[in-house]
Structure formats: C-alpha cells, structure tokens
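Next come the chains, spelled out residue by residue.
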Amino acid sequence: MQFDQLKRRAFITLLCAAAACPLAARAQQSAQRAKIGVLYPGLASALPARIAALRDALQAVGYREPDNVEFVVRSTGGDPTRIIPVAVELVERKVDVILAASLPAVNAARSATTTTPIVALDLESDPVNSGLIASLSRPGGQVTGIFFDFPDFSKKWLQLLKEAIPKLSTIAVLWDPATGPVQIKGVETAAEELKVKVEIMDVPGISNLDDSIFAASGKGVDAILMLSSAVIGANAEYLAGLTLGLRLPAVTIFPEFARRGGLMAYGVNPLNLFRQSAPIVAKVLRGSKPSEVPAELPTKFELVVNIKTAKRLGIVFPTSILLRADEVIE
C-alpha cells in the first residue's frame, strides 16, 4: 500500500511538472522578448499604420511579435506638455530601445535617459550641427536613426507654390517651435530669394492648429506651408479639409496630405520611415551601440498633387509640376 502511494505521489508530481512547463516556457520567452519603446508626439490614431509598417519590416529582419519582440507604444495626443512624462514612462518600462518620432521626441528621450539607445526619426533638425550625432557614418553617442538633412527642401516647397500660383506674394508658415530653427531659417532664406513675404504661425500643439490656420486666412495670405511636425503629419485629412474649406492653397512634407484632399505635398512618407528604421532597430537589439550604427537619410521622396483640389481653388497646375509628380490625384 505504501509503495502504491509513493507511485501515485510520483505520478502527481510529474503531472504537475508537465502542466507547469508551458507556463514556465512562456515566462522564459517573455523574459527574453526585446522591448521596443515608440515615442510619438502626435495623435494615437496615426500610430496603427506606422506600427504595422515597423512590425512588418522587423519581421523581415528576424523580429516577430510576440515571439521575440514586444512594442511599448506611447503617444502624447499632440500635447507638448506630455512628451517628457511619456518618455520617462518608457524608460521605467525598461525598454531596450526607444524609437523617437520627431525632434521633440528625441530630445525628450535624451532627457529621460542617458543609457537607453535611441533611434531617431527626425525630419526637422540638422543632426550634426545640433549635436545629436557626430556624423552620419559614426554617430558617436546615444542616438542614431534617420534624419532629413536637406535644408534646400524649404526652397523646393516655395518653388512649387510659386509655379502653381505665379502671383504668390505672401505665405503663412505653420511651425512647431519644439522642432527647432532649421526648417524656419530655411524657409526665410528661400522666401527672401524668391521675394515672398512670410507670416510665421507658431503651432506648439494640436490645440493651436485651428487658431493658426484661421489667423493665416484672416491675414489674406496667398498660400500656406506646413512644416514637418508630428502635429501636422498626424492630421493630414483634417488639415486638407480645413485648408480647402478656407480656400487656402497648401503644401507640406507629408504626401498623405495631398492624397486626403490637400493641394500638394513633397517629401517623405512616414510609413516608409518606420519601415526604414527597422534594420537600425534590429542592429541595436542585437547589441550594436548606437554610436557605431550609421545614421541614414530617407530613401524615397514623393511629389503628390491633387488636381481635383486645384480645380476647386481655381488653380491650374503647369505641365512642369505634373511631369515631375510621382502621383496625380484626379
């Protein structure tokens, strides 16, 4: 009888151990899973498509959710006062890398940690002159990533507006001061060269968008240029409808703006940036130091023009623009 009891106890012990194995395996897998923190200063509604692009690109380089990677995604909802607390929260979650979308996000991440690697998606600054990195090939510090280091682009936006609106004399420029001075200085230089008067409208957060655009309309400007900012990029459809409703020809860096009904856009698709960042993030997760991972420039630029919107605004796109366009919305 005692022998049978011993066998029964041994069987129960083995059974319990077997039942615990999946739980233990899942716990071990969770412990080994890399954590990617995503810091986004725009609206949360813009994030699913961006995260999907990142997720797909990471899968192609060996990181599949939930097998070996976990996303910790945080948005400020366009409120600039939340950016630092949200960055601190990501650090407290012990993420292995922070993907910081925009210069304000990069700066907030740097203020929150001096050790967690940061991969920047920065369309707004001169990364070398601002001290973010030492050089593209050897960043030399805590930050690497993708940078839009093309100061002449400001001139291209104004030239496009001038071609579409030959009598252009005054433009309003929507600018998020947190993105730094590089963009606005480029616009001012280009405007002086093209003899266009500039009205600068500060847009520090999403709550300022309407007031700035209505104020621009009240000043009687001929057109509006919206500079790179997560506040602008996350509101493409809304801004397209608002500028069209006010009969304000508008251009921005985000192609989705023209696809959603804005007049035109020339620049970088944020989804492509998130895809392009995946190999950089993967290198960091595999142990490479950001200081040794070369930073990159965007690989693709799109000129998108909306003929339907142009007609409603009484604008006829010249052939010179239509021939250069990557996409024409009719």
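As a reminder, the structure under discussion sits directly above these lines.
Residues numbered from 1 in each chain as written. Predicted model: local features only at pLDDT ≥ 70, side-chain atom pairs only at ≥ 80, totals over all residues. Heavy atoms only, no water.

**Topic: the pattern of salt bridges**
Okay, step 1: This model, assessed by the stated rule, comprises 13 salt bridges.
Okay, step 2: Ionic pairing is found between R64 and D67, a salt bridge with its closest N-O pair at 3.8 Å.
Okay, step 3: Classification of R64 by relative accessible area gives partly exposed; the value is 41%.
Okay, step 4: Looking at D67, the relative accessible area reads 39%, which means it is partly exposed.
Okay, step 5: Across the pair E327 and R259 runs a salt bridge whose closest N-O atoms are separated by 2.9 Å. (Salt bridge = Lys/Arg side-chain N within 4 Å of Asp/Glu carboxyl O. Buried < 20%, exposed > 50% of the residue type's maximum accessible area, 1.4 Å probe, protein only.)

**Quick notes on the environment of G78**
Okay, step 1: Assignment of secondary structure puts G78 in the loop between β2 (69-75) and α3 (83-92).
Okay, step 2: Since its relative accessible area comes to 6%, G78 is described here as buried.
Okay, step 3: In sequence terms G78 and V251 are 173 residues apart; their C-alpha atoms lie 21 Å from each other.
Okay, step 4: Apart from residues lying up to four places away in sequence, G78 is in contact with P41, G42, L43, G205, I206 and V231. (Helix = DSSP H or I, 4+ residues; strand = E, 2+ residues; numbered from the N terminus. Contact = heavy atoms within 4.5 Å.)

**Some points on the nonpolar core**
Okay, step 1: By size, the foremost hydrophobic cluster in this structure holds 87 residues, and its most contacted members are I36, I171, L174, I224, L225, M264 and F317.
Okay, step 2: With 21 residues, the next largest nonpolar core counts I83, V106, L132 and F147 among its residues. (Core = buried A, V, L, I, M, F, W, Y, C linked by side-chain atoms within 4.5 Å.)

**A word on the packing of aromatic side chains**
Okay, step 1: This model, assessed by the stated rule, comprises five aromatic pairs.
Okay, step 2: Consider the rings of F148 and F301, whose centres lie 5.9 Å apart with planes at 50°: the pair is tilted. One end of the pair, F148, is in the loop between β5 (143-147) and α5 (153-164); the other, F301, is in the loop between α11 (270-285) and β11 (302-306), and 153 residues separate them in sequence.
Okay, step 3: Judged by its relative accessible area of 5%, F148 falls in the buried class.
Okay, step 4: Accessibility expressed as a relative area gives 24% for F301, which makes it partly exposed.
Okay, step 5: Consider the rings of F153 and Y266, whose centres lie 4.8 Å apart with planes at 25°: the pair is stacked. Here the residue F153 occupies a position in helix α5, and Y266 occupies one in strand β10 (residues 264-267), the gap between them amounting to 113 residues.
Okay, step 6: Through pairs of rings, three or more aromatic residues link up here, namely F148, F153, W157, Y266 and F301. (Phe/Tyr/Trp six-rings, centres within 6.5 Å; stacked < 30°, edge-to-face > 60°.)

**Focus on the sheet that holds strand β6 (residues 170-175)**
Okay, step 1: As summarised here, the arrangement of the seven strands in space is β7-β6-β8-β9-β10-β11-β12, forming an open sheet in which the pairing is mixed. Because the sheet does not close on itself, it has two edges, and the strands there are β7 (197-202) and β12 (327-329). Within the sheet, the average angular offset between the axes of one strand and its neighbour, ignoring direction, is 15°.
Okay, step 2: As judged from the three bridges shared by β11 and β12, these two strands associate in the parallel manner. If you follow N306 over to β12, its bridge partner there is I329.
Okay, step 3: Together, β6, β8 (223-226), β9 (250-252), β10 and β11 form the strand contacts of α5, whose direction differs from that of β10 by roughly 155°.
Okay, step 4: Across the sheet, helix α6 (residues 182-194) lies against β6, β7 and β8, angled at about 160° from β7, the strand it touches most. (Pairing = 2+ DSSP bridges. Axes fitted to C-alpha atoms, helices over the stretch in contact; angles between N-to-C directions.)

**Section: the packing of α5 against α6**
Helix packing for two helices is described by the angle between their axes and how far apart those axes are.
Okay, step 1: Here α5 crosses α6 at 45°, and the two axes come no closer than 8 Å. Here α6 runs oblique to α5, going by the angle between their axes. Regarding α5 and α6, the two cross each other, and that crossing is right-handed. Residues S154, K155, L158, Q159 and K162 of α5 lie in contact with α6, whose contacting residues are Q183, G186, V187, A190, A191, E193 and L194.
Okay, step 2: By residue class, the composition of the contact of α5 with α6 is five nonpolar, four polar and three charged. (Parallel < 35°, antiparallel > 145°, perpendicular 65-115°, else oblique. Left-handed = near helix turned anticlockwise from the far one by under 90°. Nonpolar A, V, L, I, M, F, W, Y, C, P; charged D, E, K, R; others polar.)

**Let's talk about unusual backbone geometry**
Okay, step 1: Of note, the amide linkage connecting E65 to P66 takes the cis form, showing an omega dihedral of 5°.
Okay, step 2: Checked against the element boundaries, P66 lands in the loop between α2 (47-60) and β2.
Okay, step 3: With a phi close to 110°, S102 is a non-glycine residue in the positive phi region.
Okay, step 4: By the element assignment, S102 lies in the loop between β3 (97-101) and α4 (103-112).
Okay, step 5: Its relative accessible area of 5% is what places S102 among the buried residues.
Okay, step 6: Even without being glycine, K195 reaches a positive phi, approximately 60°.
Okay, step 7: With respect to the helices, strands and loops of the structure, K195 is situated in the loop between α6 and β7.

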